[in-house]
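# Structural overview for review
What follows is each chain in one-letter form.
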Amino acid sequence: MVILAAGVAVAVGVTIPALADSSQALPIKSVGDVVVDGVHQRVFVSDPVGGKVVSATYDGKVIATSEMKRPGALALSTDSKKLYAVSDPDDGGATEVAQVVALDPSTMAGTDVHYTGVIGTPDLAVVAGKLWFAREDGFGAIDPAVPASSAEVKPVDGGIGRQPRLAFSAAAPNLLAVASSTGLTTYDVSGETVRSIATVATTGEIADIKFSPDGETIATVALGESAVTLRNIANLATKKTLAIEANARAVDIALDGTVAGGSAAAGRPDLHIFSASGVKVRPYDLPASDELQPRTVAWEPNGSRLFAVSKSTDGAYTLRTFTEPRKTMPTLAVTGPATAPRAKLLTLTGTLKSTVPLHTGTPVAVTRLDLTKPAGTVLMTRKIDAGGKFTITDTPSTGGAVTYRLTYRGGPNHAAVTLNKVVQVSRVMPVLTLNQHNKIFNQGVTGTFTAHLGSTYTGRTVEIWADPYGTDQAPRLLKRGTVNSKGDLSASVRLTRNTSVTAKFPGDARYATRIVKSVALVRVNLSLTQSNAYRTAKIDGLNYLHYRIKTPAMFFTSLTPSPNRRASLEIQTYTSGAWRYFDSTLVPAGNATNIFDGSDDIGRKLRIRARYDPPSRSGDAFNYPAATPYMYFIFTR
């Protein structure tokens, strides 16, 4: 049950700045009940699973906690000096009756304990100076002025049904409304005996019930239904039915009669706000991962805020504070071209509409934001016609993304709304070049790259970036600066890998952004040397290394190290008038020794070389392919 205590009224005529809606995680594991205290400006939430009642500010900051076993229903005294919480101390062992724990709302310190005489956590109400709770056979009443008092049983003929829920209003101090499995009933509890006043059958189990603060109306929502039902307190006849989403589970009525109805409505608005006359003011849609919790919608007493508690799919609870729920949210829309030529007349057509009608002549302010004046230039104020339409004309002198910001500043019954319309205004494509594209560099050298920028309007700044191949190094800015009188800007970088070098011109009011790229190809350091040759002599005009079979040939490779990198050592033999494949092996990067036993290859003409051949056989693709010259060799006795 959600109960509201009277607070301080806001002075009429004072301009209060609009506040943003807020949400704050609550350190709880469940929700039993919610109470809003307008005097102390606190929201109290009971947590049966977590065994505590938390006190939070209006923006959800928890400032105090009171621990107790399985707290359920909460009730606030009419003067906000006592907060009452029903606690179920039964831990499954010795059966214990439910207690009503009295707390100081300002500190959450316990001040007294009263005893209900029933098992479980019954609903609670403060009526006629007593604490009332429901029993299946009637009511229990506790005098909170008597310390450690026990309940007086107030039987009702025929009982009041299962799972009764209570509602009351300070404006009707002797009336108690009860929703249970048998329907909805109002009782007069002012005398020694409880007297039934009116009863009505309901089509579904009541999920939530609230008295209006003026004591004239009862609001209910039922499980499985999609409406808030407003009933006359005198005879429980239906006054209005307000459509909300299916799976209705929460309702509350504000001091001025504004109604909030809530549902567990995935993909649809979870909350609907209605004026006292029944006009739908606005919907609220919670995040897709959150679900409104039962009986957790509550108005700020004598204030503008609305509170609700939601639970996410991962079990996190959030207190949500809505700051302007009584104000309808107008719909602001604008149509016009997505692109437009610079220095030509541009026309946009807008509409401002609302479920609560706006007056003809309602103003919409228009501000233009562009590259020249990013903070914005106030262009004009347009007034809507009877259909909510208005027209904007402008001749943009600046190209690029031009934002037209339309703002309706709101009013007594309407929330403020802002809309941005972005138009891409044409700009000239500048000349921008970058040299050294596809040039091959030796590894470790310093490469110098020069960007050339042609004519522009005001912008003469260029950036040069280097991005070495691979994912282990981020692009880095080599230089940002103003081009010289020839339009040139140069930057240097030490090259160890293939590197993408980029020149960027950010654009100006009349010339577009442009990016050009050059790729510097960097060849790895790869060498092949030998040992144990006893002489070099020409065969068929080529210098051959000669090895004796008793001394193996030794070949040494050296390749710039890098993780997983390797070189391919390839051997060919001359046969049938051509060089053909004979053998190959992969050797690791760095320095490697390879031994060739030629005892079975006496007189065979052979040649060998080392290759770095990305990406198929080299293990990476960081550098440009490289190969050593062939070394020709032969084995003799």
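Model, not experiment: these values are computed from the prediction.

Moving on, we get to the overall build of the protein chain. The secondary structure content of the protein chain amounts to zero helices and 56 strands. For the protein chain, whose C-alpha radius of gyration is 41 Å, the value lies well above the compact-globule estimate of 26 Å for 637 residues. For the protein chain, the spread of C-alpha atoms along the three principal axes comes to 130 × 75 × 40 Å. In the protein chain, which comprises 637 residues, the proportion classed as buried is 49%.

What follows covers the pattern of salt bridges. Under the criterion given, the structure shown has 23 salt bridges. Salt-bridge contacts for Glu300 lead to Arg305; the nearest nitrogen and oxygen are separated by 3.2 Å. The class for Arg305 is partly exposed, based on a relative accessible area of 22%. Salt-bridge contacts for Arg604 lead to Asp601; the nearest nitrogen and oxygen are separated by 3.1 Å.

Once that is clear, we can look at the pairing of strand E34 (residues 363-369). Across a regular strand the side chains alternate sides, sitting on one face of the sheet and then on the other. Within E34, six of the seven residues are buried, which leaves the element mostly enclosed by the surrounding structure. Inspection of the sheet shows E34 paired to strand E35 (residues 377-383) by six bridges, in the antiparallel sense. Bridged to Arg368 within E35 is Thr377. Examined bridge by bridge, E34 and strand E37 (residues 400-408) share five bridges and lie antiparallel to one another. Bridging from a neighbouring strand, Leu369 pairs with Thr403 of E37.

In this section: the nonpolar core. Residues Leu124, Trp132, Phe139, Leu176 and Tyr187 are the most contacted members of the largest nonpolar core, which totals 28 residues. The next biggest cluster of nonpolar side chains, apart from the first, holds 22 residues, and it includes Leu545, Tyr547, Phe555 and Ile608.

With that out of the way, let us pick up the sheet that holds strand E39 (residues 432-434). The pairing of strands in a sheet happens through backbone hydrogen bonds and is either parallel or antiparallel. One open sheet accounts for three strands, arranged E39-E41-E44; its pairing is antiparallel. Edge positions in the open sheet fall to E39 and strand E44 (488-494), since each of these has one partner strand only. For this sheet, the mean inter-axis angle between neighbouring strands, taken without regard to orientation, is 15°. Sheet analysis places strand E41 (residues 446-453) next to E44, joined by seven bridges and oriented antiparallel. From the neighbouring strand, Gly447 faces E44, where its bridge partner is Val493.

With that settled, the discussion passes to the packing of aromatic side chains. With the rule as written, the count across this model stands at 16 aromatic pairs. Note on Tyr544 and Tyr632: the rings are 5.6 Å apart at their centroids and 55° apart in plane angle, and the pair reads as tilted. Residue Tyr544 is located in strand E49 (residues 542-548), and its partner Tyr632 is located in strand E56 (residues 631-636); the two are separated by 88 residues in the primary sequence. Accessibility classification places Tyr544 together with Tyr632 in one group, the buried group. Their ring planes at 55° and their centres at 5.2 Å tell us that Phe555 and Phe633 sit as a pair that is tilted. You can see Phe555 sitting in strand E50 (residues 553-559) and its partner Phe633 sitting in strand E56, a full 78 residues away along the chain. Phe633 matches Phe555 in its accessibility class, with the two residues each being buried. Grouping aromatic residues by their ring pairs yields a cluster made of Tyr544, Tyr574, Trp579, Tyr630 and Tyr632. Geometry around Tyr457 places Arg510 over its ring, the cationic atom sitting 4.1 Å from the centre. The ring of Tyr534 carries Arg548 above its face, with NZ or CZ at 4.0 Å from the centroid.

Let us look at a nonpolar patch on the surface. On the surface, a cluster of nonpolar side chains totalling about 240 Å² of accessible area is made up of Val97, Tyr115 and Ile119. Secondary-structure assignment places Tyr115 in strand E10 (residues 110-115).

As a further point, take the side chain of Ser46. Within the secondary structure layout, Ser46 lies in strand E4 (residues 42-47). Looking at Ser46, its side chain comes within polar contact range of the main-chain oxygen of Gly72, at 2.7 Å. When sequence neighbours within four positions are dropped, the list of residues in contact with Ser46 reads Ser30, Val31, Gly32, Asp33, Lys52, Val53, Pro71, Gly72 and Leu74.

This part takes up the pairing of strand E6 (residues 62-67). Note that strand E5 (residues 52-57) and E6 share five bridges and pair antiparallel. From the neighbouring strand, Ser55 faces E6, where its bridge partner is Ala64. Connecting the antiparallel pair E5 and E6 is a turn made up of four residues, with Gly60 showing a positive phi of about 95°.

Here we take up the sheet that holds strand E23 (residues 248-253). Read from one edge of the open sheet, four strands run E23-E24-E25-E26, paired in antiparallel fashion. The two strands at the open ends of the sheet, each matched to only one other strand, are E23 and strand E26 (280-284). In this sheet, adjacent strand axes meet at a mean angle of 15° when their direction is disregarded.

Inspection of the secondary structure puts Trp299 in strand E28 (residues 298-299). A residue is classified by how much of its surface remains accessible, and Trp299, at 0% relative accessible area, is buried. Along the backbone, Trp299 and Gly38 are 261 residues apart, and their C-alpha atoms lie at a distance of 9.6 Å. A distance of 3.5 Å separates a polar atom in the side chain of Trp299 from the backbone oxygen of Thr258.

Here the focus is unusual backbone geometry. Following Pro614, the chain continues into Pro615 via a peptide bond in cis, with omega recorded as -5°. Mapping Pro615 onto the fold places it in the loop between strand E54 (606-612) and strand E55 (626-627). Here Met108, not a glycine, exhibits a phi torsion of approximately 65°, which is positive. For Met108, the position within the fold is in the loop between strand E9 (99-103) and E10. In this model, Arg295 sits at a positive phi of 60°, which is unusual for a non-glycine residue. Locating Arg295 in the fold gives a position in the loop between strand E27 (290-292) and E28.

Let us look at the confidence of the model for the protein chain. For the protein chain, the average pLDDT comes to 92, and 96% of its residues sit at 70 or higher. This model gives residues 1-19 a pLDDT under 50, and the stretch forms 52 contacts once residues within four places in sequence are excluded.

This brings us to the side chain of Lys210. Mapped onto the fold, Lys210 is located in strand E19 (residues 206-211). Of the residues examined, Lys210 reaches a relative accessible area of 3% and is grouped as buried. Looking at Lys210, its side chain comes within polar contact range of the side chain of Asp208, at 3.0 Å.

Scoring rules and cut-offs
Residues numbered from 1 in each chain as written. Predicted model: local features only at pLDDT ≥ 70, side-chain atom pairs only at ≥ 80, totals over all residues. Heavy atoms only, no water. Helix = DSSP H or I, 4+ residues; strand = E, 2+ residues; numbered from the N terminus. Rg over C-alpha atoms; globule rule 2.2 N^0.38 Å. Buried < 20%, exposed > 50% of the residue type's maximum accessible area, 1.4 Å probe, protein only. Salt bridge = Lys/Arg side-chain N within 4 Å of Asp/Glu carboxyl O. Pairing = 2+ DSSP bridges. Core = buried A, V, L, I, M, F, W, Y, C linked by side-chain atoms within 4.5 Å. Axes fitted to C-alpha atoms, helices over the stretch in contact; angles between N-to-C directions. Phe/Tyr/Trp six-rings, centres within 6.5 Å; stacked < 30°, edge-to-face > 60°. Lys NZ or Arg CZ within 6 Å of the ring centre and 35° of its normal. Patch = residues over 30% accessible without salt bridge, like charges linked within 9 Å, V, L, I, M, F, W, Y side chains within 5 Å. Areas by Shrake-Rupley, 256 points an atom, 1.4 Å probe, with all protein chains shown as cover. Polar contact = N/O pair within 3.5 Å; in protein donor to acceptor, adjacent residues only side chain to side chain. Contact = heavy atoms within 4.5 Å. pLDDT = per-residue confidence, 0-100.

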